[in-house]
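# Secondary and tertiary structure notes
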Amino acid sequence: MGNAHLHSIHIHPVKAVRGLAPREAVVEPWGLAGDRRWVLIDDGGKVVTQRRQPRVALVAAELRPGGGVRLSAPGMPPLTVPVPRPAVSVPVQIFRDKVEAVPAEGEAAHDWVSSCLGFDARLVYMDDPATRRPIAPEYARPGETVSFADGFPLLLATTASLDALNSLIAQGEHAGEGPLPMNRFRPNVVVAGTSAWAEDDWSRIAVGDDPGRGPGHDPRIALRAEREPRRGPGRWPV
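The text that follows walks through the structure, step by step, so that each part is easy to find.

## A few points about the overall build of the protein chain
When you go through the protein chain residue by residue, the secondary structure sums to 3 helices and 14 strands. Within the protein chain, the fraction of its 238 residues that count as buried is 43%. Within the protein chain, contacts between residues separated by at least 24 positions form 60% of all contacts whose residues are at least 6 apart in sequence.

This is the structure we're talking about:
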């Protein structure tokens, strides 16, 4: 493994929007505290992501005390949204999963995201991550759950693998699409000091005193073909 060490931590309070890079984070059973507890949905209850709506990349979210978020975007006044009080939940379609979530209170948040994105959208919150969304059973122990992340509580990436990917892009037919920054892949934990692709063979990872399993590989390297904010969608780089 070489001299593997923690390079950076990343939290995305609202799934798919720009997040933050704190110096430390609390690890909860379903992921980093505050990570992907909020999500945007369309008028049919389907999760809105950059895969479908690249304008989502313009939105940034900061965590507020108690789990609320502060939203900002170019040309939009910042808006602070508190955690909603217990209320009637709404169904959310995230990939093949149906998950219950609680809408942000009032209409201010829904008006803000709809105006920013240019279509009818709503902001909803996962009120009980301990029960709302089980991890796929083939990758989890009974009772393990996840937030609105794609599939697993933590997404890990390494700087060496990103460097290797960018080298392949530079040699390929779409060299102009690179180099890709790490935030394109939206990891929670970035590790440095390894060889490229070493993480493919890891079955257990420990950061400090917190051990974790490496149950599966995230396919986003093949899916994340969006460019940086304001630039619009790009081609497949490799």
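Still more ground to cover, so stick around.
## Section: the pattern of salt bridges
Summed over the entire model, instances satisfying the criterion amount to 8 salt bridges. In this structure, glutamate 62 engages arginine 70 in a salt bridge whose closest nitrogen and oxygen atoms are separated by 3.6 Å. Overall, arginine 70 belongs to the partly exposed group, its relative accessible area being 27%. Among the salt bridges present, the one from aspartate 97 reaches arginine 133, with a minimum N-O distance of 3.0 Å. One end of the pair, aspartate 97, is in strand E9 (residues 97-103); the other, arginine 133, is in the loop between strand E10 (121-125) and strand E11 (156-158), and 36 residues separate them in sequence. Accessibility expressed as a relative area gives 29% for aspartate 97, which makes it partly exposed. Overall, arginine 133 belongs to the buried group, its relative accessible area being 3%.

## Digging into the sheet that holds strand E7 (residues 76-81)
Backbone-to-backbone hydrogen bonds join strands into a sheet, with any given pair of strands oriented parallel or antiparallel. What the 3 strands build is an open sheet, ordered E5-E6-E7; its pairing is antiparallel. Among the strands making up the open sheet, the edge pair consists of strand E5 (60-63) and E7. Sheet twist, expressed as the mean angle between neighbouring strand axes with direction ignored, is 20°. Relative to E7, strand E6 (residues 69-73) runs antiparallel, the two being bridged by 4 bridges. Opposite alanine 73, over in E7, you have methionine 76 as the bridge partner.

## Brief notes about the packing of aromatic side chains
Under the defined criterion, the tally for this structure stands at 2 aromatic pairs. For the pair tryptophan 38 and tyrosine 125, a centre-to-centre distance of 4.8 Å together with 50° between the ring planes defines the contact as tilted. Here tryptophan 38, found in strand E4 (residues 38-42), pairs with tyrosine 125, found in strand E10; they are 87 residues apart in sequence, far enough to count as distant. Grouping residues by exposure puts tryptophan 38 and tyrosine 125 together as buried. Here tyrosine 139 and phenylalanine 152 contribute two aromatic rings whose centre-to-centre distance is 5.5 Å and whose plane-to-plane angle is 80°, an arrangement assigned as edge-to-face. Of this pair, tyrosine 139 sits in the loop between E10 and E11 while phenylalanine 152 is found in the loop between E10 and E11, placing the two residues 13 residues apart along the sequence. Given the relative accessible area of 37%, tyrosine 139 is considered partly exposed.

## Quick look at the nonpolar core
Core analysis: the largest hydrophobic core is formed by 24 residues, its most contacted members being Val14, Trp38, Leu40, Leu71, Val81, Trp112 and Leu123. Of all the secondary structure elements, the ones that give two or more residues to this core are E4, E6, E7, helix H1 (108-117) and E10. Per-element accounting of this core gives the leading share, 5 residues, to H1. When residues no more than four places from it in sequence are discounted, the contact partners of tryptophan 112 are Val59, Leu71, Ser72, Ala73, Met76, Pro77, Pro78 and Leu79.

## Regarding the side chain of aspartate 42
Among the secondary structure elements, aspartate 42 is positioned in strand E4. Under the relative-accessibility criterion, aspartate 42 is labelled buried at 15%. At a separation of 2.9 Å, a polar atom in the side chain of aspartate 42 contacts the main-chain amide nitrogen of glycine 44. Apart from residues lying up to four places away in sequence, aspartate 42 is in contact with Val48, Arg52 and Asp120.

## Describing the sheet that holds E9
Taken together, the 4 strands give an open sheet; going across it, the order is E4-E10-E9-E8, and neighbouring strands pair in antiparallel fashion. The open sheet has two edge strands with one neighbour each: E4 and strand E8 (90-94). Neighbour to neighbour, the strand axes of the sheet diverge by 55° on average, direction disregarded. For E8 and E9, the ladder comprises 5 bridges, and the chain directions are antiparallel. Residue pairing in the sheet places isoleucine 94 in a bridge with aspartate 97 of E9. Along the sheet, H1 contacts E4, E9 and E10; its crossing angle with E10, the most-contacted strand, is approximately 130°.

Rules behind the numbers
- Residues numbered from 1 in each chain as written.
- Predicted model: local features only at pLDDT ≥ 70, side-chain atom pairs only at ≥ 80, totals over all residues.
- Heavy atoms only, no water.
- Helix = DSSP H or I, 4+ residues; strand = E, 2+ residues; numbered from the N terminus.
- Buried < 20%, exposed > 50% of the residue type's maximum accessible area, 1.4 Å probe, protein only.
- Contact = heavy atoms within 4.5 Å.
- Salt bridge = Lys/Arg side-chain N within 4 Å of Asp/Glu carboxyl O.
- Pairing = 2+ DSSP bridges.
- Axes fitted to C-alpha atoms, helices over the stretch in contact; angles between N-to-C directions.
- Phe/Tyr/Trp six-rings, centres within 6.5 Å; stacked < 30°, edge-to-face > 60°.
- Core = buried A, V, L, I, M, F, W, Y, C linked by side-chain atoms within 4.5 Å.
- Polar contact = N/O pair within 3.5 Å; in protein donor to acceptor, adjacent residues only side chain to side chain.

Without other data, these values stay purely geometric and don't point to any function.
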